[in-house]
Amino acid sequence: WLVLAIAMVRFYMEKGTHRGLYKSIQKTLKFFQTFALLEIVHCLIGIVPTSVLVTGVQVSSRIFMVWLITHSIKPIQNEESVVLFLVSWTVTEITRYSFYTFSLLDHLPYFIKWARYNFFIILYPVGVAGELLTIYAALPYVKKTGMFSIRLPNKYNVSFDYYYFLLITMASYIPLFPQLYFHMLRQRRKVLHGEVIVEKDD
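Residues numbered from 1 in each chain as written. Predicted model: local features only at pLDDT ≥ 70, side-chain atom pairs only at ≥ 80, totals over all residues. Heavy atoms only, no water.

A. Geometry of the overall build of the protein chain. The number of helices and strands found in the protein chain is 8 helices and 0 strands. Secondary structure elements in the protein chain, listed N-terminal to C-terminal, are α-α-α-α-α-α-α-α. Dimensions along the principal axes, computed over C-alpha positions, put the protein chain at roughly 60 × 50 × 25 Å. Out of the 202 residues belonging to the protein chain, those deemed buried represent 37%. (Helix = DSSP H or I, 4+ residues; strand = E, 2+ residues; numbered from the N terminus. Buried < 20%, exposed > 50% of the residue type's maximum accessible area, 1.4 Å probe, protein only.)

This is the structure we're talking about:
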C-alpha cells in the first residue's frame, strides 16, 4: 500500500489533476486488494485477532468496488469520489499494516497505536462516502447498458438486474456502516483507554 501511496502522490505532482489517476495505479490496486482475501483466512486460523465477520465485510466490499464498479465501468474512473475512497483505503491500510508489523516485532510505537485507533474516525466515513458516490455515479451507465443483467425469457427462467442490485447494495450501507463503525469505536476505547467492553447478547 505504501507503493500505491507513492504512485498516487507522484502522479498528482506530475499531472496536477486526479484525471487518469485510477488508470495509472489500477494494476497495483487490483493486486493488493485482491490479495487481501488472505486476511479472511488469517482471521479464521487465528493469525490476526480480528473478527472474521468484520474483515469479511470490509474485504468483500472493497473487492466489489475494485472489480465490479471501477474496473468494469470505465466512464466513472475519473470521478472525484474514486479519489476519496482510494486515499482513505491507502492511508488506512498503511496505518493498519504498520500496527500489525510493529506489534509482531513487539516494539509498537505509541503514535502507530494512536493512529490505528484514531485515523479511522475520519477515514472510514470518507471512504464510505467515496464508495457510495462512485456507485451512484455508475447507476446511469448501468441502467443504459444493462450490464451484468439477465433478462427474461431465457432457458434458466432466471432474471437479474444489476441496476437494482446496486441500489440494494447502497441501501445495505445504512445498517452495516454503523455496526462496523461502532465496533471500531468500542475497540478504540478498549485499547486506548483500557475500558472493558461487555458485549450484550441479542
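B. View of the nonpolar core. Among the nonpolar cores identified, the biggest contains 35 residues, and Leu 29, Ile 69, Leu 86, Ile 135 and Leu 166 are the most heavily contacted of them. Mapped onto this core, the elements with two or more residues apiece are helix 1 (2–15), helix 2 (21–35), helix 4 (52–70), helix 5 (80–104), helix 7 (120–145) and helix 8 (162–193). Ranked by residues supplied to this core, first place goes to helix 8 with 8 residues. Once you skip the residues sitting within four places of it in the chain, Leu 86 turns out to touch Met 8, Tyr 22, Ile 25 and Leu 29. (Core = buried A, V, L, I, M, F, W, Y, C linked by side-chain atoms within 4.5 Å. Contact = heavy atoms within 4.5 Å.)

C. Broad picture of the pattern of salt bridges. Evaluation of the coordinates by the stated rule reveals 4 salt bridges. Between Glu 93 and Arg 62 there is a salt bridge, with the nearest N and O atoms lying 3.0 Å from each other. Of this pair, Glu 93 sits in helix 5 while Arg 62 is found in helix 4, placing the two residues 31 residues apart along the sequence. Grouping residues by exposure puts Glu 93 and Arg 62 together as buried. Residue Asp 161 is joined to Arg 151 by a salt bridge in which the shortest nitrogen-to-oxygen separation is 3.0 Å. Here the residue Asp 161 occupies a position in the loop between helix 7 and helix 8, and Arg 151 occupies one in the loop between helix 7 and helix 8, the gap between them amounting to 10 residues. For Asp 161, a relative accessible area of 22% puts it in the partly exposed group. (Salt bridge = Lys/Arg side-chain N within 4 Å of Asp/Glu carboxyl O.)

D. Focus on the confidence of the model for the protein chain. Confidence in the prediction of the protein chain, expressed as mean pLDDT, is 88, and 95% of residues score 70 or more. Across the protein chain, the secondary-structure element scoring lowest on mean pLDDT is helix 3 (residues 37–45), at 84, and the one scoring highest is helix 7, at 95. Note that residues 196–202 has pLDDT below 50 and, in this model, 4 contacts with residues that lie over four places away or in other chains. (pLDDT = per-residue confidence, 0-100.)

E. Structural detail: the packing of aromatic side chains. Using the criterion set out here, one finds 20 aromatic pairs in the structure. On the basis of an interplanar angle of 20 degrees and a centroid distance of 5.4 Å, the ring pair of Phe 31 and Phe 35 is categorised as stacked. One end of the pair is Phe 31 and the other is Phe 35, both in helix 2 and 4 residues apart, which spans about a single turn. Under the relative-accessibility criterion, Phe 31 is labelled partly exposed at 48%. Ring geometry for Tyr 163 against Tyr 164: centres 5.3 Å apart, planes inclined by 85 degrees, an arrangement best described as edge-to-face. For Tyr 163, a relative accessible area of 17% translates into the label buried. An aromatic cluster is defined as three or more aromatic residues linked by ring pairs; in this entry it consists of Phe 64, Phe 148, Phe 160, Tyr 162 and Phe 165. (Phe/Tyr/Trp six-rings, centres within 6.5 Å; stacked < 30°, edge-to-face > 60°.)

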